[in-house]
Amino acid sequence: MDRNVRTTDDVLALMDGLFAPEADRWTEGGASWWDGFYADRSKAVPFFVEKPDESLDAYVRREPIAPGRALDLGCGPGRNALHLASLGFDVDAVDLSPAAIGWARERAGKAPAGTGEVRFHRGDAFELTASGAALAGPYDLINDSGCFHHLPPHRRISYLALLERCLAPGGHFVLTCFAAGKGGMGSELPDAELYRTGGLQGGLAYSAEALRGIFSGLTEIDLRRMNDEDPASPLFGESFLWAAHFRKAARG
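First, a word on scope: everything that follows refers to the structure included in this document. Everything numeric here is computed off the predicted structure, so don't read it as measured data.

**Comments concerning the packing of helix α1 (residues 8-16) against helix α7 (residues 155-166)**
For the pair α1 and α7, the least separation of the axes is 10 Å and the interaxial angle reads 135°. The orientation of α1 with respect to α7, classified from their angle, is oblique. Seen from α1, the contacting residues are Leu-12, Ala-13 and Asp-16; seen from α7, they are Arg-155, Ile-157 and Ser-158. For the contact of α1 with α7, the residue count by class is 3 nonpolar, 1 polar and 2 charged.

**Some details on the pattern of salt bridges**
All told, the structure shown has 14 salt bridges when counted by the stated rule. For Arg-122, the salt bridge is made with Glu-28, and the minimal N-O distance between the two is 2.9 Å. Placement of Arg-122 in strand β3 (residues 118-122) and of Glu-28 in the loop between α1 and α2 (31-38) is noted, with a sequence separation of 94 residues between them. Among the residues examined, Arg-122 registers a relative accessible area of 35% and is labelled partly exposed. Members of the salt-bridge network, linked through shared partners, are Arg-69, Asp-90, Asp-92 and Arg-119.

The rules behind each value
Residues numbered from 1 in each chain as written. Predicted model: local features only at pLDDT ≥ 70, side-chain atom pairs only at ≥ 80, totals over all residues. Heavy atoms only, no water. Axes fitted to C-alpha atoms, helices over the stretch in contact; angles between N-to-C directions. Helix = DSSP H or I, 4+ residues; strand = E, 2+ residues; numbered from the N terminus. Parallel < 35°, antiparallel > 145°, perpendicular 65-115°, else oblique. Contact = heavy atoms within 4.5 Å. Nonpolar A, V, L, I, M, F, W, Y, C, P; charged D, E, K, R; others polar. Salt bridge = Lys/Arg side-chain N within 4 Å of Asp/Glu carboxyl O. Buried < 20%, exposed > 50% of the residue type's maximum accessible area, 1.4 Å probe, protein only.

Fair warning: the whole summary comes from geometry, so function is off the table for now.
Encoded structure:
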């Protein structure tokens, strides 16, 4: 008889198991799926390009967000992490996939002179940023381009805890995720239905109201559809994504 649920982490792990194994793209078990995703670098995947998000670039340059310590969640091949390093940030970048981290390190080896160092870490972001862990922060900037929308509903609890734990007072949180509605992308199934189907349908779409509710503990600076960028642009942008900038309150 199994009666081992005693903590919140036990509950979260139990709920992870309600999804089919092939739907898991957020725990260590999802690393092999992502390795397969990144295996063919010639695929027409929009964010395989070696360009930073236009929104991240805009927030850092125009808001502005002063260079400091940054954490890039779900860094993939490292395009945003390397951009932040080029702007003077001290960057830790995390991804589940060894293939993604390998590709990111290759790009880092070819980065222009003057680009700061990025430390790429392979593993589960929740574990790597746990209290007392090496990446527990505090960070002046946490960037997420495409990680959040691959989390099941119950892992929003883990995600908010990560932000609370790792984001410095007055720190900035920049998010890019699937947008619900016309011209958007991702599943709009209700949270409860996802557990009935046992999958995340490739990623979850969010409305502006949902994002404001989830991140209500932070101050909204900007929330808009990402700009569509021309292929010739040095920046990445697709309008099926949200671009969001929030800030944590400074200590009184």
